[in-house]
Amino acid sequence: MQHAQSRRLNRQDFKTLSLAALGGALEFYDFIIFVFFAAVIGDLFFPVNMPDWLRQVQTFGIFAAGYLARPLGGIIMAHFGDLVGRKRMFSLSILLMALPTLAMGLLPTYASIGIAAPLLLLLMRVLQGAAIGGEVPGAWVFVAEHVPRSRIGFACGTLTAGLTLGILLGSLVATLLNTSMTPATISQYGWRIPFFIGGIFGLIAMYLRRWLQETPVFIEMKAQKALAEELPLKAVIANHKKEIVVSMLMTWLLSAGIVVVILMTPTWLQKQFGIPAAVALQANCLATVTLMLGCIISGSIVDRLGASKTFIFGSLFLGICTWSFYHMVAADASVLMGMYALAGLSVGVVGAVPYVMVRAFPAEVRFTGISFSYNVAYAIFGGLTPVFVTLIMRLTPMAPAYYVLALSTIGLLTGIYLSRDLNSEAAKEAKFAEGVASGQ
């Protein structure tokens, strides 16, 4: 058994990881492409006489609605994922994302149908949120239950990098459109193109996922009739409160890094310092590439050093790099590329987040435990962060720097807590081994 748990990744593992990451990338692209065209969408879906700051807040409010819808969709899909199988929900989530994304590309604007335009846009975001709520936790569980226990960090970090590839695809498409079309053309019809691309490729990814196999862990639990006997969510809330809190804090750190540093910063660079959209998006592409690299590195490190040391040092690195980035770019825009790349690399500490979460919950309620913690936290912190940071920007343009610094401190304190919690690590290891040993 020890050999099975410490073996190298084999061809089937890489196939599973590749297909999961590809589908996740396309689904994440569908979910976040909205934010890259937030300024254009705000102009088209709200009255022209609305103050610019209010239009921006309301546009980000619709973006946030996708996050607020995540818990319901995620918990429902996780419930059935724990009871009827990981693979079925893993395939369903991508279909539920592709269809509303296609619909968003077809929506009429405020000039055509008035207030119904932003309401329909809001509905599509809610449907997208329900889909992504099942995708991310499902992907982490699916991959973690396929690979050897000693490679979970690397596998989950690589998968998180794959999800981040969706952000990079969104940034690349936005950059391509902004460099090949005039602002007037983008406003006329160009903004619809990325939604069409996302919807079509999402359907292709759903087809590819038919080649995935159910996880060995779930197959073994089903064979031994070891599936959750009560409502999985009830069991999670009743028996795993500490794990929920730690997972939520980890998710808050993840949301701060992704939402603020990667998703909001291109708009911040344009609004605060007049940096051209194409330049800001090019720098964003570079930062997203280094983020992907950082996710894989942190996933590999956490397999070797454990979660505590990874988050203590990783959070310090995140705080220093992001604080330096925002303040140095404000003083000298010529350092944009290099500093944004370094900031993106430091955000890669979030690649170790799923390692903590998949090890926190036993197999019979793992999908539900991660989904509940991750989605509720992301709904609160990820969804409200753009609105909160935008409002704070009215007081100081350095609002993103202060916010990420605060979350780096929380990540550091959580890492210290995990070091004090080492006495329970052996129990967690044994609990996780029970869930995976027979399937590896």
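Description of the structure in this document. (Residues numbered from 1 in each chain as written. Predicted model: local features only at pLDDT ≥ 70, side-chain atom pairs only at ≥ 80, totals over all residues. Heavy atoms only, no water.)

**Remarks on the nonpolar core**
The nonpolar side chains of a soluble globular protein tend to be buried with one another. F36, F37, F45, W140, L263 and F311 are the most contacted members of the largest nonpolar core, which has 130 residues in total. Top contributing element to this core by residue count: helix α14 (residues 241-273), with 16 residues. Among residues more than four places away in sequence, those in contact with W140 are C156, L159, T160, L163, L254, P354, M357, V358, I370 and Y374. (Core = buried A, V, L, I, M, F, W, Y, C linked by side-chain atoms within 4.5 Å. Buried < 20%, exposed > 50% of the residue type's maximum accessible area, 1.4 Å probe, protein only. Helix = DSSP H or I, 4+ residues; strand = E, 2+ residues; numbered from the N terminus. Contact = heavy atoms within 4.5 Å.)

**Considerations on the state of the cysteines**
Across all of its chains, the model carries 0 disulfides by this definition. C321 takes part in no disulfide bond, and the closest cysteine sulfur to it belongs to C295, at a distance of 14 Å. Residue classification places C321 among the buried residues on the basis of a relative accessible area of 5%. (Disulfide = S-S within 2.5 Å.)

**Focus: the pattern of salt bridges**
Enumeration according to the criterion identifies 1 salt bridge in this entry. Close ionic contact of R366 with E145 constitutes a salt bridge, the shortest N to O distance being 2.8 Å. You can see R366 sitting in helix α19 (residues 366-392) and its partner E145 sitting in the loop between α8 (116-144) and α9 (152-180), a full 221 residues away along the chain. Assessed through its relative accessible area of 0%, E145 is described here as buried. (Salt bridge = Lys/Arg side-chain N within 4 Å of Asp/Glu carboxyl O.)

**A word on empty space enclosed by the protein**
This structure, assessed with the given rule, holds 1 cavity of 30 Å³ or more. Taken together, F28, V136, W140, T160, L163, T164, I167, L254, I258, V350, Y374 and Y378 make up the full set of residues lining the largest cavity. Within the residue set of the lining of the largest cavity, elements represented by two or more residues are α8, α9, α14 and α19. Top contributing element to the lining of the largest cavity by residue count: α9, with 4 residues. Here the residues of the lining of the largest cavity are counted per class, giving 10 nonpolar, 2 polar and no charged. (1 Å grid on protein atoms, 1.4 Å probe; cavity = no way out; pocket = protein on both sides within 12 Å on 5 of 7 lines; lining within 4 Å. Points joined across faces, edges and corners; volume = space filled by probe spheres on them. Nonpolar A, V, L, I, M, F, W, Y, C, P; charged D, E, K, R; others polar.)

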